[in-house]
Amino acid sequence: MEARPQRLNLEELHLLRWLLGGCLMLVSVATVFYMDIGSEVFAAAASLAILAALVRPALPARVPIWVHRLAFPAILAFFAGDLWRSGQLLPAIVRLDLLLLLYRGVSYRARRDDLQVVVLGLFLVVVAGVLTVSLLFAGQILVFTAGALGLLMVVTIADSSEGGAAPKLAVRGVLPGWAAHAGWRRLARRLWEISDWRLLASAAALFVGVVAVSGLLFLAIPRFQLENSLFLERFVTKRAMTGFNDSIKFGDITEITQDDSVAFDVDLSDPAQAPAQPYWRMIVLDDYRDGGFKLSPALRLAFDRERTSANVFPGLGGVRGAPTWTFYLESGVSKYLPILGRFGALRFREAQNYRYSPDLAVIALRDEPAAMTAYRVDGMAPEAGELHDLAFAGRWKTRGPAGLPLQVGLPGLSDADKEKLVRLDADGGLTASLGAQEFSRKAIELLKSTHHYSLSPHIPAGPGDPLVRWMASRESGHCELFAGSFVLMARTAGFPARVVTGFKGGTWNAYSGNYTIRNSDAHAWAEIFDATKSAWIREDPLAVAVSADAAAEKGDAALAGLMDRSWAARLNSLRVFWYRRIVNFDQQTQADTLKAVKEATGGSGKWLRDAVLALAQSAKAWFRGPWDTTRIAELAASAAAVGALAWSVATGRWRLASMGRGRRFDPVRREAGRWLRRLDGPGDLVADLQRLRFGAAPTWPRPGEVFRRARRAASSSPRRRRAVSRSTP
Amino acid sequence: MSPAPRSGRRLFWRRALWGLLWPRRYERIQPTISGVVLIGLALGIGTAAYNSASNILFIALALLLACLILSGVLAWLNLRRLEWQLEVEPPLRAGQQAQVGLALRNGKKFLPTYALWFEFAAVMFERKDPPKPESTITGKGIDVWAALAKAEASETKGTVHLGTRLDPGATERLEWSFTPARRGLVRIELRGVGSLFPFGFLRKLTGTDLRREVPVWPSPVEYRRLAGAPPRRPEGELRRARAGNEGEMIALRNYAQGDSHRLIHWKASARKRQLLIRQFSSQNSDACALWLRTDASVWTRPEQFELMLSFAATLAQDLFRSGRLLSTAIDGAPQASVRRLADVDAFLDRLAEVVPLVEKPGSPSPVRDRPRFNLLTFEPDGARGVAAYVNGSKTAAA
């Protein structure tokens, strides 16, 4: 008797459908947690409710009918109120989506409702991807796609099992049979019983095929540059970290350094020019008052008017032969873009609103970017320890210190604090007669001798300015205090000086070959104006003293000390790959990729042609060689082998060979024969074993199932088994 | 493994290309609601992707398009190597439920087939000259809607779903029931095989050319026997050996449904590997010869005409079962002797298509070719009834 293969019944199909729908909703709700739009509470509540209903499918039957009736009006009313209260469209829509998913999660679903779940979930996943441009999106969209396809397939099969008469709407408040008898262990056991490795392998292969085809489509879809900015970002407002605003208090930068997440990555077209200790400048702060530095209104005027473009061409400042730098700035860092100094050209992926100051070498976007921002910089020197500022030099020459109060003066300090600063300078021998370089050396030496570096500084209590109090003490301090102290000392001595904040250093990812700069690399340093060079010289009181040769190292020597081969670097390399090849994929990259494919195809064709020609040449030379018995035998053997292969392919005999030379050596028949010799069990089992041993393959029952029954029969009757084996010769 | 002939390959490509331009009859691909939503989503995401040049949206678009392609591939695989065969078990009788069987076989090696449905149709038709082609522009007096409505009315449609999956190598039998409304010829068609598999995006219907033309016999009718003149044996007439259930064996024939199992000749059947039954000569000579006349001048009422046909059919079967049916004839056709069940079936098949006969003036009367004795004929009995006469006496009425 042929055993019918096992399959899921209708109740089990409905349970599997419930499981897939619930998992799909959980995957899509999870995206809200890293969207950073203030909907985490909603996401948590939705996740819990969906999970509870998923684990206990009988729970939704307890939801009262009036809840179902009022659900949609209540959700719509909530959306209207939320939109009016928050004023932001996208977060309100995301919360609406969450509520709809929550409702679907705690209600029994018909086919149409399952489709709604797929659409609502896809919306969340895609929005999260667009907003965050995170590598996590890649994994989530794949998991979501697999889950959605599985759910739709189960829904189709279940509806077909009901003869196409599945109800269009789920009945509210009624506990369906499949939910009343739901058992996850039983379902897992049944899935294990019916699983067929060939079907699973086919499904996996098909899914890999889908991913591959989607990759090819992604490469092939033509790109057109429409010069429109990313539309979703307009609907979300984000705030950058405090330390990289145009006004900082002491401790803001240090607070950022507590965070070890990646701030930005930098690709370098020529790693040979990579500097050992790059300083990524972001903001220049010149106005000191009320215990903090800020960007003065006068210095704001150094910025050009706001422009909207995808390209920034300053006109002057580019360095010939400089490599191309590609920055991938994560969201939430700052609207000020980190750069090394002046550059020749800067390109965004799409048009941006920006303001650039060529004098300060600072570029600022209008708003903090809500997603990762990529930009490419050309003509930027790897090392910009000096920033030439001819305009300031001219003003310095004509007006002198009295005419430039902000860069030289200390308007925020009291007379008593100024006297302290004068005494400090005098004690350290820091006078205006020293050159800027000598002054900087002595000032830094003084600071290092009296203070230690610490992320937890202590500013003594007392009257007056806190920075001056700290300078007068011997307490430890962080980079802001050191930089601020240097600026105050320089200004007291009559040198123009200012604070610059940004990042310093970073690591070199050995796997993806790029700089990785983390928030823990945030730093503050100073710049002092050297009138002899007409340039602002970077002075970092906390820089480790190195020789001039070491400071000038570039390329491998410079990167040796920065090399990162940790697991974090491995993971980060995936993210950089994601940014390089996917997020930053544009028309130019597409053209380059197609060109590379064409060259590779052409190259491989040429290689093949050359290989064939070489083979033909060698065969020709062999045939021309002196003939002897060995050679004739070789030729005959080769011809016989080729002939046999051709004959076997032509007649299909190779198939039999690969199947083990026909029926006699079929492993299933062999196994069945073994069991028949051992067993004397129930008639059905012996009949099935005989069919496997002697019957035609299409009439076989499932071999796995039969052998399992045979094993059970053998284990349940050990005495009989021993008797049989003794009687067998 | 022999290579396919070149002409076969050319034909395949020609068909495939032509199929893209001009789909086969009943071949349809319609998007479902989820399919429309998917297409709308793809368009929306594509528009947003081009508007914003966001590669994330391009990824989502590429995945959606890849899913559509996957859906097509799986739908094609699902229907691949699927064989079906229409099985109609005669007889079909007007007013009685008929079963149409569909034998399915999944010829694939390891992929099952899911979620199929089969669209059947039973169309009553008349075997006559094909009508002259007309168009709605040139046709005169043609009421297109009436013609369409008439065509719809003569059709019975049904859909049967394959509720379970069809495993690789497995066979399944589905049944569709319908009730022919009237006698005649019915064309049973398997119009299409449809599936929503795999994801329900597209409703794919593949047309088939599978059809069977089957006659629908007149419906059986209740009748009452009346005491009439007994059947007469003509003087001097030899007993004729005629197939029946008594007497000496005169022949072997193939088993037909309805034959008694006691008549099976087991030895011959084992030799020939098919069932054979014995035919005996019958000593019973009170059998009748049935002659049906369908004069339109006699049978003026259609319902009475149909009743007559039903009566004739029922009576012929009853007489055959009792071994008392000698021969049958309709109108001017010669008497066809009835020896076995197939002869009765052939008579009933003719009954399915018979129409009232309009006699042409001057045509010879067929009466003189008929048996003089025990001739069973039918006449109207009143306004609605039909009576059967043997030797001039009324023997039964319906």
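Residues numbered from 1 in each chain as written. Chains lettered and ligands numbered in written order. Predicted model: local features only at pLDDT ≥ 70, side-chain atom pairs only at ≥ 80, totals over all residues. Heavy atoms only, no water.

Re the overall build of chain B
And then number 1: Scanning chain B from N- to C-terminus turns up seven helices and 18 strands.
And then number 2: Going through the 398 residues of chain B one by one, you find that 41% of them count as buried.
And then number 3: Nonlocal contacts in chain B, meaning residues at least 24 apart in sequence, comprise 73% of its contacts between residues at least 6 apart.
And then number 4: Summing over all exposed atoms, chain B offers an accessible surface of approximately 22,600 Å²; the carbon and sulfur share of this is 56%. (Helix = DSSP H or I, 4+ residues; strand = E, 2+ residues; numbered from the N terminus. Buried < 20%, exposed > 50% of the residue type's maximum accessible area, 1.4 Å probe, protein only. Contact = heavy atoms within 4.5 Å. Areas by Shrake-Rupley, 256 points an atom, 1.4 Å probe, with all protein chains shown as cover.)

Let's talk about the interface of chain B and chain A
And then number 1: The interface of chain B with chain A comprises 45 residues on the first partner and 54 residues on the second.
And then number 2: Carbon and sulfur atoms make up 71% of the area that chain B and chain A hide from each other, which totals about 4,300 Å².
And then number 3: Along the contact surface separating chain B from chain A lie zero salt bridges.
And then number 4: Applying the counting criterion to the chain B and chain A interface returns five residue pairs in polar contact (both at pLDDT 80 or more).
And then number 5: Sorting the residues of the side of chain B that touches chain A by element identifies α2 (33-52) and α3 (55-79) of chain B as the ones contributing at least two each.
And then number 6: Considering every element that reaches the side of chain B that touches chain A, the biggest residue donor is α3 of chain B, with 15 residues.
And then number 7: Partitioned by chemical class, the residues of the side of chain B that touches chain A number 33 nonpolar, nine polar and three charged. (Buried area = accessible area lost by both parts, 1.4 Å probe. Salt bridge = Lys/Arg side-chain N within 4 Å of Asp/Glu carboxyl O. Polar contact = N/O pair within 3.5 Å; in protein donor to acceptor, adjacent residues only side chain to side chain. Nonpolar A, V, L, I, M, F, W, Y, C, P; charged D, E, K, R; others polar.)

What to know about the sheet that holds strand β1 (residues 247-249) of chain A
All names here are of chain A.
And then number 1: Here we have three strands laid out as an open sheet, ordered β1-β5-β4, and antiparallel in their pairing. Looking at strand neighbours, the two that pair on one side only are β1 and β4 (287-289), the edges of this open sheet. On average, each strand axis in the sheet is inclined to that of its neighbour by 20°, with strand direction left out of account.
And then number 2: Direction of pairing for β1 relative to strand β5 (residues 292-294): antiparallel, over a ladder of three bridges. (Pairing = 2+ DSSP bridges. Axes fitted to C-alpha atoms, helices over the stretch in contact; angles between N-to-C directions.)

Digging into the side chain of D378 of chain A
Residue and element names in this part refer to chain A.
And then number 1: Locating D378 in the fold gives a position in strand β10 (residues 373-378).
And then number 2: A polar side-chain atom of D378 sits 2.7 Å from a polar atom in the side chain of T324.
And then number 3: Excluding its chain neighbours within four sequence positions, the residues that come into contact with D378 are P323, T324, F343, G344, A345 and R347.

Overview of the packing of helix α5 (residues 111-132) of chain A against helix α6 (residues 136-161) of chain A
All names here are of chain A.
And then number 1: Packing of α5 against α6 leaves a shortest axis separation of 11 Å and a crossing angle of 175°. Taken as axis vectors, α5 and α6 run roughly antiparallel relative to one another. Between α5, through R111, D114, V118, G121, L122, V125, V126 and G129, and α6, the contact on the second element is made entirely by F137, I141, F144, A148, L151, V155, T156 and D159.
And then number 2: Residue composition of the contact of α5 with α6, grouped by class: 10 nonpolar, three polar and three charged. (Parallel < 35°, antiparallel > 145°, perpendicular 65-115°, else oblique.)

What about the packing of aromatic side chains?
All names here are of chain B.
And then number 1: For the coordinates displayed, the defined rule picks out 39 aromatic pairs over all chains.
And then number 2: Ring geometry for Y114 and F197: centres 5.2 Å apart, planes at 15°, overall stacked. Residue Y114 is located in the loop between β4 (98-106) and β5 (116-125), and its partner F197 is located in the loop between β8 (184-195) and β9 (202-217); the two are separated by 83 residues in the primary sequence. Neither residue differs from the other here; Y114 and F197 are each classed as buried.
And then number 3: Its guanidinium or amino end placed over the ring of F125, R187 lies 4.5 Å from that ring's centre, counting from NZ or CZ. (Phe/Tyr/Trp six-rings, centres within 6.5 Å; stacked < 30°, edge-to-face > 60°. Lys NZ or Arg CZ within 6 Å of the ring centre and 35° of its normal.)

Brief notes about unusual backbone geometry
Residues and elements named next belong to chain B.
And then number 1: Cis geometry marks the peptide bond from F197 to P198; its omega dihedral reads 5°.
And then number 2: Structurally, the position occupied by P198 is in the loop between β8 and β9.
And then number 3: The phi angle at A115 is positive, at roughly 50°, despite the residue not being glycine.

A few points about a nonpolar patch on the surface
Residues and elements named next belong to chain A.
And then number 1: On the surface, F623, W627, I632 and L635 cluster together into a nonpolar patch covering about 390 Å² of accessible area.
And then number 2: Mapped onto the fold, W627 is located in the loop between α21 (587-624) and α22 (629-651).
And then number 3: Residue W627 is classed as partly exposed on the basis of its relative accessible area of 40%. (Patch = residues over 30% accessible without salt bridge, like charges linked within 9 Å, V, L, I, M, F, W, Y side chains within 5 Å.)

Distances and angles like these do not, on their own, reveal function.
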